[in-house]
Structures are given as structure tokens and as C-alpha cells.
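If you want the building blocks of each chain, they are given just below.
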Amino acid sequence: EIGGVVGLLEKAEAVGCQNEGKITVKTTDNKAVGARHYIGGVVAVPQAALVKDCVNRGAVDADFNEGGVAGTNGKQVWVGGIIGGRNGDVKDADGADVENCQNYGNLSLNIDNTSNHYLAGIGGQPHCEAASGITSGEKAGVRKITGCTNYGSLTKKLVANLDQTGVDVKF
């Protein structure tokens, strides 16, 4: 997890935080890297958290390609200007409420297209997921984003398979 202000925010609040620095993540050996990656301009992984009145002005660049070759082998990446994503392994402290936050930083993700990867101006994956790992006694929490604005550009470069070069997708 990599965040401009906080890596892991569990059952806590980040209020009025600001990041103005650039965040750059580049892998050189994707096979040696873990399964999930959460990268946020302010908070990387919020778990049952509140992120309020925060601002990111720094660029966030995530490069998970190895010289144009698809190499993440199904590893998922979540990139957001304010928050990266929630940890799906934590069922009782899932997700974040994000209120009145602003992202001005430009965001980019360079990755293969073999798995789900998310890039967003505010939250790469802010919600909780009613996944099969939740037991009958547990409940997927309700999370929301309100009053937030993204001003930064989003660029995702995909490598579809080992024989193709990248394709730029701009939003």
C-alpha cells in the first residue's frame, strides 16, 4: 500500500489532509510482487474509515509493466487520486466514506489487461464488496462518496497480452 499521507487507515478519520508530492510506483519484477496493490494520493487503504476535506495535488503514476510485456499475472491494482482501495481480506472493516475531497493530480496506470484494474480520480475501489468470503453472520458495509471533485487527467495504458504493444486510453 502506498499513500501520499497514510498507507493504512483503519477505523479512523483523515480530515483536512493534503498531499502535494508526486507518487511513483514502478515494478521491475512483477512475479515477485504480492497479489493486490492499493495506491492513493491521500490514503492507500481505508478500512471502516472516513476521509473528509482532503486534497491531492500530486501526480500518481503506477507502472506495472515490464518493458511492455504483460506481467502482473492476475494481480489487481487500484489507483485513486484520494484513496486507492479497500482490503478485501478484512470483512469487518471494509471501505471508506469519502466526503468533500478534491483531486488535482494527474493519474496514470500502465498495466496488462489480464485482471481487474481500477483507475479513478477519487477512489480506485472505495466500496465494500459482497464477496463470497463474507459469511452469513457478516454484512458488507455501505460506503459512499459525496461532494468530491476530480480535476486531474486519467491515463490508462493497457497491454492485452504478451504479443501486443500498449494502447493508451485517456479519460
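Bear in mind that the values here come from a model prediction, so they are computed numbers and not experimental data. (Residues numbered from 1 in each chain as written. Predicted model: local features only at pLDDT ≥ 70, side-chain atom pairs only at ≥ 80, totals over all residues. Heavy atoms only, no water.)

**Let's talk about the sheet that holds strand E8 (residues 55-56)**
Ordered in space as E4-E8-E13-E18, the 4 strands form an open sheet in which the pairing is parallel. The sheet is open, and its two edges are formed by strand E4 (18-19) and strand E18 (149-150), each paired on a single side. The sheet contact formed by E4 and E8 spans 2 bridges and is parallel. Note on E8: the bridge partner recorded for Asn 19 is Asn 56. (Pairing = 2+ DSSP bridges. Helix = DSSP H or I, 4+ residues; strand = E, 2+ residues; numbered from the N terminus.)

**A word on the sheet that holds strand E6 (residues 36-40)**
Spatially, 4 strands are ordered E1-E6-E10-E15 in an open sheet, and the strand pairing comes out parallel. Across the chains shown, the open sheet's two edge strands, defined by having one partner strand only, are strand E1 (2-3) and strand E15 (117-120). Taken together, the 4 bridges between strand E10 (residues 76-80) and E15 define a ladder with parallel strand orientation. In the sheet register, Val 79 faces E15, and the bridge partner there is Leu 119.

**Things to note about unusual backbone geometry**
With phi around 50 degrees, Ala 48 is a residue other than glycine that occupies positive phi space. Tracing the chain through its elements places Ala 48 in strand E7 (residues 43-52). Residue classification places Ala 48 among the partly exposed positions, given a relative accessible area of 24%. (Buried < 20%, exposed > 50% of the residue type's maximum accessible area, 1.4 Å probe, protein only.)

**Observations regarding the packing of aromatic side chains**
Given two aromatic rings, one states the distance between the centres and the angle between the planes to describe the pair. Tallied over the entire structure, the rule returns 3 aromatic pairs. Plain terms: the ring middles of Trp 78 and Tyr 118 are 6.1 Å apart, the flat faces sit at 5 degrees to each other, and that makes the pair stacked. Of the two residues, Trp 78 is situated in strand E10 and Tyr 118 in strand E15; the sequence distance between them amounts to 40 residues. The exposure class assigned to Tyr 118 is partly exposed, which follows from its relative accessible area of 31%. An aromatic cluster is present here, built from Tyr 38, Trp 78 and Tyr 118 joined pairwise through their rings. (Phe/Tyr/Trp six-rings, centres within 6.5 Å; stacked < 30°, edge-to-face > 60°.)

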